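An overview of the molecular structure
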Amino acid sequence: MATTTLPETEVEVSGQQQQNKPATKYVYFFGAGKADGHGKMKDELGGKGAGLAEMTNAGLPVPPGFTIQTEACREYMRNGGVSREVDRQMEEALAKLEALQGQKLGAGENPLLVSVRSGAKFSMPGMMDTILNLGLNDKSVEALARRSNNPRFAADSYRRLIQMFGNVVLDIEKAAFDEVFEAKKKQKKAKLDTDLDARALKEVIEEYKRVVKKHARRDFPQDPHEQLVMARDAVFRSWQNERAKHYRRINNIDDMLGTAVNVQAMVFGNLGETSGTGVGFTRNPATGAKEFYGEFLMNAQGEDVVAGIRTPVHISELHKIMPNVYDQLRDITTRLEKHYRDMQDFEFTIQDGKLYMLQTRNGKRTGLAAVRVALQMVDEGLITKEEAIFRVEPNQLYDFLVPRLDEKSTKVEVLATGLPASPGAAVGQIVFTAEEAVKKAGHGTKKNPVILVRAETTPEDIQGMEVAVGILTSRGGMTSHAAVVTRGMGKCCVAGAGDITVDEKKREMRVKGQTFKEDDWISLDGTTGRVIKGKLNTIPPKADDPELLKLMGWAEPFRKLRVRANADIPRDAVQARAFGAEGIGLCRTEHMFFGEKKIPHMRAMILADNEKDRRAALKKLLPMQRADFAGVFEAMDGLPVTIRTLDPPLHEFLPRREELMVDIALLPRYSAKQKKELVARYKDYRVKGVGDLKTVLPALLARVEQLHEFNPMLGHRGCRLGITYPEITEMQARAIFEAAVDCTRKGIKVHPEVMIPLVATLKEMANQAAIVRRVAEEVFKEKGTRVEYMVGTMIELPRAALVADDIAKEAEFFSFGTNDLTQTTFGFSRDDVNKVLPTYLAEGILKQDPFAVLDREGVGQLVRMATERGRKTRSNLKVGICGEHGGEPSSVEFCHQVGLNYVSCSPFRVLTARLAAAQAAATEKLKVEGGRTK
Ligand code: PEP
Ligand code: MG
């Protein structure tokens, strides 16, 4: 890592340091129009620190200060503390700051106060800790009161410091301070925080100090230097807090980066009516519209705006209150945008009518806004078309696919209108806490849509927000925590719906004289900010937004990989095609058997204990399968369709063994009504009346016992089914080719690719390929029409990858089933991995969930090797991937690098995969750094 160094004469070499090794420069000063660092030093200074250096160098009005670089944080993580050299450089920088300001930290008549903030390379909003007003103590608070001529402000600043310091540095629960504060408000009959006067706040301070003493068993430190060291270390520690770790995990940020700490002279937005503070964006982060966008509060401090404690005012109001400051702010932010060539998200404070810029960074935005801003910036000549391709994260394209509310389906009763914080629609059942959200949202197929309703969200809610389908808050603005985080997640959010009262204790929400409880249904429109009573239907979106098409039009020519979709039924195939799928990469035929008409025959086939009965059941399934395939061929007219023969273990189609055992045991005691219900439940198993139950259920249990496997995922499944019951493959092949011939005759262009699952050996492949080819010839002969087709295999077992050259003798194409390949390579059960995965991620044993992001080193190596070996045997071998990874941007990039022909993913990820594939190719071609735009 590049760290600049101090000349040796300036550093005191500590005992641990080697004699000739120059000491690391830990502390970077900025102020008076000049900074030690610069904007490109995000690795060292973090995003915030680099921005402060850059803004200072650009001559912007930035309060001076210094940044303690990330190496000190890593040192803290390694050793549990920083070296003496860090302390020394920090004191030196502090002395410089004091000299520049003509103040002393927390001392004298004009005490210097500082903020201590985290700032990592990648923005992690609200995840780590911040301390403001540091330097205040029992003495300096009086000086501040005299200097500002505002004792209330001084007391308020001090009580905030004790509260933040107590919480962040001394680990005291926020609630302990809140209780004191709320009690004081009650006692003084104050409605708002600002209704408490200086005397009341002084009483609060004394009580806060007692809280500190009680919980931390020490006094609040009066020595400002001690405060600074403790605060710095607490910020370093906050890199490792659970929220931050979790945020890094879901955003793929390396745990080892560490955070920088920014120490900066405080400016105050709460000095009275000519002071204020705000945040803003140079363009609208939700829609991308080119409008100056932001919110502010007069007589307030930073966290009042961000935490949504008071609902802020639109930035245009500032124009009325302080036109000069407004013009200056517009001028500076326009310059900033031009300088960074991207939309900026900025923070500012006005102290006694003077503007200070506190922060600027590339703003987070929705997918819609990302596309629109990129297009605008090309038009404005700020960026090139090639750069525009990288200004949108592929996963963000999901925003174009988010549903809208179907307002015609039911009567729409708007309960309240809040801010349209993050677009899309969400329909779900109310929960009031993050824990409840996690509990109720469920997993996998048992997912329940929940909407997290809070007065305001805090970083502690992150896990609940992640599982909820939508978020509603009654307080806070477009830049509140809820708004920023949901936009990043691409999740619908309505924020600051002020008409709603959220009573978290009683677990109810009151609005318009109505009370809503947990589990009540509401619908949110994140695009307009409306909160609607009840459960509306949603309308699927259209992916043909003209701006999106334009951007894709620039990206697509770079793309080498084809993008197909995994779809099992015609409706999904049509959807996938609308999103730009260039074929079906996986049609899981087993999904076709779950239809109401088909499942009885499927079950009869499984229960048959001889070939004759099995063939009879298969005969009934044949016309249905044929119709399904014809539907998919029709939808994909002219494009390839890969159809996989039956794959899952057969017991998945039968009742659960334990359930059957219970029913058999309890049958004699069941009431007549219960018995009737059983008849209905087992009607597919030739149970016609109550009298049949006694004989059929035990026979069914016996068959289920026969089929029972200890490890079904490694058992009688995949090609093993077709090898032991060749008539299944025969029926499926016949259905495919009969449908293909019928469609061809109707003028539909079909390109069937028959795919054999879970192959491990050449002979397995040869066995199944022979059946498919034989049946194809039979059908062509019977019908007098031929269809071009291919037979290939999935590569989803390590052995198949190892002997890929052999298997390619029979297989005309490979498709990596990376769900199973990950399962079999790691030896993780894909259904049970969540028992260990959270610990593995928390401990850093795995960096990512390998079932979500392809494990390049292990599974990826098999993919690369099998592709190379397969193509050695068959140079034109077509190779694709159809596991979940086929729609995940980093995995798509890897597939491009390995030289696959296509990726296949669920229809809703097709757009993402297309852009990811284009970016991967463009990165190579343009030699630019792909991926993050931040
Ligand atoms: C796979 O294993 O990656 C695959 C696509 O098949 P399935 O998920 O159906 O096992
Ligand atoms: Mg599989």
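As shown above, the structure is provided for reference.
Below or above, wherever it landed, is the structure these notes cover. In this text the structure is predicted, and so the values were computed from the model without any measurement. (Residues numbered from 1 in each chain as written. Chains lettered and ligands numbered in written order. Predicted model: local features only at pLDDT ≥ 70, side-chain atom pairs only at ≥ 80, totals over all residues. Heavy atoms only, no water.)

Let us look at the overall build of the protein chain. In terms of regular secondary structure, the protein chain is built from 34 helices and 32 strands. Against the 2.2 N^0.38 benchmark of 30 Å for 934 residues, the protein chain shows a C-alpha radius of gyration of 32 Å, consistent with a compact globule. In terms of overall dimensions, the protein chain has C-alpha extents of about 100 × 70 × 55 Å along its principal axes. Looking at the protein chain residue by residue over its 934 residues, the buried ones come to 57%. Total accessible area on the protein chain is roughly 39800 Å²; 50% of this is exposed by carbon and sulfur atoms. Distance from the positive charge centre (137 side chains) to the negative charge centre (126 side chains) of the protein chain: 3 Å. (Helix = DSSP H or I, 4+ residues; strand = E, 2+ residues; numbered from the N terminus. Rg over C-alpha atoms; globule rule 2.2 N^0.38 Å. Buried < 20%, exposed > 50% of the residue type's maximum accessible area, 1.4 Å probe, protein only. Areas by Shrake-Rupley, 256 points an atom, 1.4 Å probe, with all protein chains shown as cover. Lys, Arg positive; Asp, Glu negative; His and termini not counted. Charge placed at Lys NZ, Arg CZ, Asp CG, Glu CD.)

Bringing the sheet that holds strand E9 (residues 313-314) into the picture now. As a general point, the strands of a sheet are linked pairwise by backbone hydrogen bonds and lie either parallel or antiparallel. In space, the 5 strands of this open sheet follow the order E9-E8-E7-E10-E11, with antiparallel pairing throughout. Since the sheet does not close on itself, it has two edges, and those belong to E9 and strand E11 (354-362), each with one partner. Examined bridge by bridge, strand E7 (residues 276-281) and strand E8 (residues 293-298) share 6 bridges and lie antiparallel to one another. Opposite Gly280, over in E8, you have Gly294 as the bridge partner. The strands touched by helix H12 (residues 323-340) are strand E10 (344-351) and E11; relative to E11, the strand with the most contacts, the crossing angle is about 25°. (Pairing = 2+ DSSP bridges. Contact = heavy atoms within 4.5 Å. Axes fitted to C-alpha atoms, helices over the stretch in contact; angles between N-to-C directions.)

Turning to the coordination of the magnesium ion (ligand 2), a few remarks are in order. Think of it this way: four donors in a tetrahedron around the metal ideally sit 109.5 degrees apart, and six in an octahedron ideally sit 90 or 180 degrees apart. Only Glu796 (OE) and Asp820 (OD) from the protein coordinate the magnesium ion (ligand 2), and they sit 2.0 to 2.2 Å from it. Of this pair, Glu796 sits in the loop between strand E29 (790-795) and helix H28 (798-802) while Asp820 sits in helix H30 (residues 818-826), and the two are 24 residues apart along the sequence. The pair formed by Glu796 and Asp820 is uniform in burial state, with each residue classed as buried. (Donors = N, O, S within 2.8 Å, 3.2 Å for Na, K, Ca; no water.)

For E29, a buried count of 5 out of 6 residues is recorded, marking the element as mostly surrounded by other parts of the structure. Of the pairings in the sheet, the one linking strand E28 (residues 751-756) to E29 comprises 4 bridges and is parallel in character. What sits directly across from Ile756, in E29, is Thr793. The parallel pair E28 and E29 is bridged by helix H27 (residues 762-783), and the resulting crossover is right-handed. Note that E29 and strand E30 (residues 813-816) share 3 bridges and pair parallel. When the bridges of E30 are listed, Ile795 appears paired with Phe816. (Right-handed = clockwise from strand over helix to strand, strands pointing away.)

Glancing now at the site of ligand 1. Near ligand 1 there are 13 residues, and of these Arg588, Gly817, Asn819, Asp820 and Arg830 occur at the shortest range. For ligand 1, an oxygen atom lies 2.7 Å from a polar atom in the side chain of Arg588. The contact in question runs from an oxygen atom of ligand 1 to an N or O atom on the backbone of Gly817, over 3.3 Å. Alone, ligand 1 offers 290 Å² of accessible surface; in the complex the protein occludes 95% of this. Looking at the shell around ligand 1, the elements that each hand over two or more residues are strand E26 (584-588) and H30. Sorting elements by how many residues they give to the shell around ligand 1 places H30 first, with 3 residues. (Near = heavy atom within 4 Å. Polar contact = N/O pair within 3.5 Å; in protein donor to acceptor, adjacent residues only side chain to side chain.)

Core analysis: the largest hydrophobic core is formed by 141 residues, its most contacted members being Leu397, Phe633, Phe737, Phe814, Phe816 and Leu900. Here the element with the most residues in this core is helix H26 (residues 726-745); it accounts for 10 residues. The contacts of Phe633, once residues within four sequence positions are left out, are Val641, Ile643, Ile736, Ala739, Ala740, Cys743, Ile748, Val750 and Pro752. Judged by nonpolar contacts, the second largest core, of 87 residues, contains Leu136, Phe153, Ile162 and Phe165. (Core = buried A, V, L, I, M, F, W, Y, C linked by side-chain atoms within 4.5 Å.)

Looking at Asp820, the relative accessible area reads 4%, which means it is buried. At 2.9 Å, the side chain of Asp820 and the side chain of Gln823 are in polar contact.

For the rest of this paragraph, the subject is unusual backbone geometry. In this model, Arg217 sits at a positive phi of 55°, which is unusual for a non-glycine residue. Locating Arg217 in the fold gives a position in the loop between helix H7 (198-216) and helix H8 (224-238).

Now for the layout of surface pockets. Taken as a whole, the second largest pocket holds about 520 Å³ of empty space. As for the second largest pocket, its lining consists of 20 residues, of which Ala604, Leu607, Ala608, Tyr685 and Arg686 are closest to the centre. Of all the elements in the fold, those that place two or more residues in the lining of the second largest pocket are helix H20 (599-607), helix H21 (611-635) and helix H24 (690-707). Top element by residues in the lining of the second largest pocket is H24. It accounts for 6 residues. Tallied by class, residues from the lining of the second largest pocket come to 11 nonpolar, 2 polar and 7 charged. (1 Å grid on protein atoms, 1.4 Å probe; cavity = no way out; pocket = protein on both sides within 12 Å on 5 of 7 lines; lining within 4 Å. Points joined across faces, edges and corners; volume = space filled by probe spheres on them. Nonpolar A, V, L, I, M, F, W, Y, C, P; charged D, E, K, R; others polar.)

On to the sheet that holds strand E20 (residues 508-511). Read from one edge to the other, the open sheet built from 3 strands follows the order E19-E20-E21, with strand pairing classed as antiparallel. Here the strands that pair on one side only, and so sit at the sheet edges, are strand E19 (501-503) and strand E21 (514-517). When strand polarity is set aside, the average angle formed by the axes of neighbouring strands in this sheet is 20°. Strand direction decides the pairing type here: E20 and E21, joined by 4 bridges, are antiparallel.

Where helix H18 (residues 546-555) is concerned, the buried positions are Leu548, Leu551, Met552, Trp554 and Ala555. Viewed end-on, H18 has its buried residues packed into an arc of 155°, placing them on one side of the element. (Arc of directions from axis to C-beta.)

Counted under the stated rule, the structure contains 15 aromatic pairs. With a centroid separation of 4.9 Å and 80° between ring planes, the pair formed by Phe177 and Tyr208 is classed as edge-to-face. With Phe177 in helix H6 (residues 174-187) and Tyr208 in helix H7, this residue pair connects regions lying 31 residues apart in the sequence. Take Phe177 and Tyr208: they sit in the same class, and that class is buried. (Phe/Tyr/Trp six-rings, centres within 6.5 Å; stacked < 30°, edge-to-face > 60°.)

Our next topic: the packing of helix H5 (residues 151-169) against H6. In the contact formed by H5 and H6, the axes pass within 9 Å of each other and the chain directions differ by 155°. Viewed along their axes, H5 and H6 adopt a mutual orientation that is roughly antiparallel. Residues Arg159, Ile162, Gln163, Gly166 and Asn167 of H5 form the contact with H6, whose participating residues are Lys174, Phe177, Asp178 and Phe181. Taken together, the residues of the contact of H5 with H6 break down into 3 nonpolar, 3 polar and 3 charged. (Parallel < 35°, antiparallel > 145°, perpendicular 65-115°, else oblique.)

Moving on: the environment of Pro151. Structurally, the position occupied by Pro151 is in helix H5. Other than its neighbours up to four places away in sequence, Pro151 contacts Ala145 and Ala198.

A separate point is the state of the cysteines. Under the defined criterion, the tally for this structure stands at 0 disulfides. No disulfide involves Cys743; its sulfur sits 13 Å from that of Cys587, the nearest cysteine. Considering cysteine sulfurs only, Cys895 is the nearest to Cys882, which forms no disulfide, with 11 Å between them. Under the relative-accessibility criterion, Cys882 is labelled buried at 2%. (Disulfide = S-S within 2.5 Å.)

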